[in-house]
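So you can see what is in the structure, the chains are spelled out below.
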Amino acid sequence: MSIEEEQEGKAGEVQLIRTEGLALVLDTPKGRGVFAGRDIPGGTILEVCPVLILDPQENEEHVRKTDLYNYTYNWPLPAAEGSKTPRKTQAVVFGIGSLFNHSQRRQNVGWMRDVSKGVVVYRTLQDVRKGDELCISYGDRLTFVDADAKQVDSDDEDDNAALARIDLV
Ligand SMILES: C[S@@+](CC[C@H](N)C(=O)[O-])C[C@H]1O[C@@H](n2cnc3c(N)ncnc32)[C@H](O)[C@@H]1O
């Protein structure tokens, strides 16, 4: 049985998967972070995480004012009765889904919402080596200073990148 079939499960059920060999490192420059404790092939499901979908008003009035907001994901809601405009709220993701840090250039984990089942599925985008941090992308509107940014400036800029920047001026 393939992992997709396994994940389907019976009607009214979601199979919860967590791959082995993940570690939570407590003191990275980004706070805690999820690391690979073994080599993990690309395409591996790391975890299927159930979510708690927040009431939009509760989210705006309460959660947005707390640190929990830094852990929530955008979540689509169906249009209200009599309207065609889809709505949005935030969802709390249980499990390691809430602990992946952001990396724009070293993103090695992709995530997919399954709205009908109320889960997010995390999968490696490429082969990952033991000791690598597992990172997703939060997009480009960050609410914190990206700890990778300094490192990118100093060690990742090659001649081509420098030339590209000069062209843009
Ligand atoms: C979903 S939490 C990730 C887990 C978090 N590191 C922890 O210890 O609970 C998101 C928070 O992690 C931190 N973070 C994630 N990616 C980061 C990055 N690239 N640079 C700096 N801080 C980051 C920020 O404080 C952000 O608000």
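This report concerns the structure included in the present document.

Basis of the calculations
Residues numbered from 1 in each chain as written. Predicted model: local features only at pLDDT ≥ 70, side-chain atom pairs only at ≥ 80, totals over all residues. Heavy atoms only, no water. Pairing = 2+ DSSP bridges. Helix = DSSP H or I, 4+ residues; strand = E, 2+ residues; numbered from the N terminus. Axes fitted to C-alpha atoms, helices over the stretch in contact; angles between N-to-C directions. Phe/Tyr/Trp six-rings, centres within 6.5 Å; stacked < 30°, edge-to-face > 60°. 1 Å grid on protein atoms, 1.4 Å probe; cavity = no way out; pocket = protein on both sides within 12 Å on 5 of 7 lines; lining within 4 Å. Points joined across faces, edges and corners; volume = space filled by probe spheres on them.

## Section: the sheet that holds strand E8 (residues 119–124)
- Strands sit in the order E4-E5-E3-E8-E7 across an open sheet of five strands; the sheet is antiparallel. Strand pairing shows two members of the sheet lacking a second neighbour, strand E4 (72–77) and strand E7 (109–114), which therefore form its edges. Each strand axis lies, on average, 35 degrees off the axis of its neighbour in the sheet, ignoring direction.
- Both strand E3 (residues 45–53) and strand E5 (residues 87–93) contribute to a ladder of three bridges, which runs antiparallel. Residue Leu52 lies in a different strand from E5, and its bridge partner there is Val92.

## A closer look at the packing of aromatic side chains
- For the structure shown, the criterion picks out four aromatic pairs.
- Relative to Phe144, the ring of Tyr138 lies with its centre 5.8 Å away and its plane at 85 degrees, an arrangement referred to as edge-to-face.

## Considerations on the layout of surface pockets
- Within this model, the largest pocket holds a volume of roughly 1000 Å³.
- What lines the largest pocket is a set of 32 residues, among which Asn70, Thr72, Tyr138, Thr143 and Phe144 lie closest to the centre.
- For the lining of the largest pocket, the elements supplying multiple residues, two or more each, are strand E2 (31–36), E4, strand E6 (101–102) and E7.
- Counting residues per element, the lining of the largest pocket draws most heavily on E4, at three residues.

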